Structure formats: C-alpha cells, structure tokens
Amino acid sequence: MSLFTRINRDRSGQVAVLFALSIIPIVAVAGFAIDFQQTVKRKAKVQLVMDSAVLAAARVKQTGATNQEIKTTVQQFMNAQIAGLGGLACDPATVTVTSSSEEIDASILCEQTTALIKVVGRDQMPFRVTSASEYGIDKVDVAFMFDISGSMNSSNRLVNLKAAAQEAINVLLPENAPAELIED
C-alpha cells in the first residue's frame, strides 16, 4: 500500500485539525455579533439620554440662561444618566448654541468595552451620538375650551379643571419667561 493511499484512508486526525483551525474564526464572528449587539443597545440608550439632555437645555434656554449654563446643563445631564451604564466610556459632550437659528446642537463620542471580541485584539467599539433642538418659540395662539355643564359640578370636576388650566398656563408662560413670549 502506497503512502498516498494510507494518508487518504486515515481521516481521524483531519477532523481535529480542521476543527482547531476553524474555531478561532467562529469564536471571532460570534464574539463580534454579541459585542456589536451590546454596543447597538448602549448607543440607543445614549441617544435617548442625549435627546433628553438637549430638550432639557432648550427648556432652560427659554428662561434666559447663558450659553455656558446651557453647556453645563447638557453635560451634567449626560454625566448623571451615563454613569449607570457599565463598560461605557464617553468623552465630554460637545455643545454648540447658535443664536441666529436658535438651535442647540450636541454630540458625544463613546466607547463600549468589548467582552468576546478581545480574543482578536478589539478592546472597544466606538460610536458617536448627535442631537439637536430649537429653543426659540414662534408666536403660538393657544385656546382653551372648558366644559362647564351640569355634569362638571360632581366630584370636584370643575375645581380640578380650573387647577389643570392654571397649571397649563404656568407651564406655557412661566413667571420668568422673556417678554417677547408674552403677547396680550
């Protein structure tokens, strides 16, 4: 029996060699998929936090806050919310307040620590999140229509309606609102 025939018949060692050679790419692909999914979830959470921070900053800007106070508001909001997300390292948020367009733009660069893809030398997966909001308020007419029929006299409904209307007015026109927002 020739050497070639013996090698061709002996297949027991080939499976182990093929398995050993294929396990590294399989683990790398599975690790990438799991780490990528975790990074996408974290990015969605950071996006939600950034959107909320920019909206909160727009609300603060409407009360007459300075641009530096707005930047501080966004950064404090981001720091408080992102602190609880483990394995995530973020740079300070970049905040731009544009007075001409009455817009607040913010962005942040974060890096999610990887767990499984470290095997192939990738320790972090970076991502960037951006958000924007307008803080200017155009003139808006607001009208309230109230039901004061007989059914509103039961269960303090009319009293609750008056309190809700007053709260709505206080939210729409706070005491410290700039004069240009208030028009008779």
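Keep in mind it's a predicted model, so treat the numbers as computed, not measured. (Residues numbered from 1 in each chain as written. Predicted model: local features only at pLDDT ≥ 70, side-chain atom pairs only at ≥ 80, totals over all residues. Heavy atoms only, no water.)

Caption draft 1: Region of the structure containing the overall build of the protein. Secondary structure assignment for the protein yields four helices and four strands. In sequence order, the secondary structure elements of the protein are arranged as α-α-α-β-β-β-β-α. Looking at the protein as a whole, 24% of its 184 residues qualify as buried. Accessible surface for the protein amounts to roughly 12700 Å². Of this, 58% is attributable to carbon and sulfur atoms. (Helix = DSSP H or I, 4+ residues; strand = E, 2+ residues; numbered from the N terminus. Buried < 20%, exposed > 50% of the residue type's maximum accessible area, 1.4 Å probe, protein only. Areas by Shrake-Rupley, 256 points an atom, 1.4 Å probe, with all protein chains shown as cover.)

Caption draft 2: Seen up close, the nonpolar core. Within the largest apolar cluster, 24 residues are counted, with the highest numbers of intra-cluster contacts made by Val46, Met50, Val74, Met78, Ile104 and Ile108. Beyond its immediate chain neighbours, meaning those up to four positions away, Met78 contacts Val46, Val49, Met50, Ala53 and Ile108. (Core = buried A, V, L, I, M, F, W, Y, C linked by side-chain atoms within 4.5 Å. Contact = heavy atoms within 4.5 Å.)

Caption draft 3: Structural view of the packing of aromatic side chains. All chains considered together, the criterion is met by one aromatic pair. With a centroid separation of 5.7 Å and an interplanar angle of 20°, the aromatic rings of Phe32 and Phe36 are classed as stacked. Residue Phe32 and its partner Phe36 are located together in helix H2 (residues 12-62), separated by four residues, close to a single helical turn. A residue is classified by how much of its surface remains accessible, and Phe36, at 44% relative accessible area, is partly exposed. (Phe/Tyr/Trp six-rings, centres within 6.5 Å; stacked < 30°, edge-to-face > 60°.)

Caption draft 4: Representation of the environment of Met50 in the model. You can see Met50 is positioned in helix H2. A relative accessible area of 0% places Met50 in the buried class. Met50 sits 81 residues away from Ser131 along the chain, and the two C-alpha atoms are 6.4 Å apart. The contact partners of Met50, leaving out residues within four places of it in the chain, are Met78, Ala93, Ala106, Ser107, Ile108, Val129, Thr130 and Ser131.

Caption draft 5: Inspection of the pairing of strand E4 (residues 124-134) at higher detail. Because side chains alternate across E4, one face comprises the buried residues Met125, Phe127, Val129, Ser131 and Ser133, and the other comprises Gln124, Pro126, Arg128, Thr130, Ala132 and Glu134, none of which is buried. As paired strands, strand E3 (residues 103-113) and E4 are joined by eleven bridges and run antiparallel to one another. Along E4, the bridge assignment pairs Asp105 with Ala132. (Pairing = 2+ DSSP bridges.)

Caption draft 6: Geometry of the pairing of E3. In terms of strand pairing, strand E1 (residues 88-90) meets E3 through three bridges, oriented antiparallel. In the strand pairing of E3, Leu88 is matched with Gln112. In this structure, strand E2 (residues 94-98) lies alongside E3, joined through five bridges in antiparallel fashion. Across the sheet, the residue bridging to Val95 is Ala106, located in E3. Where E2 hands over to E3, the hairpin turn is made up of four residues, of which Glu102 adopts a positive phi near 50°.

Treat this as a map of the structure, not an account of what it does.
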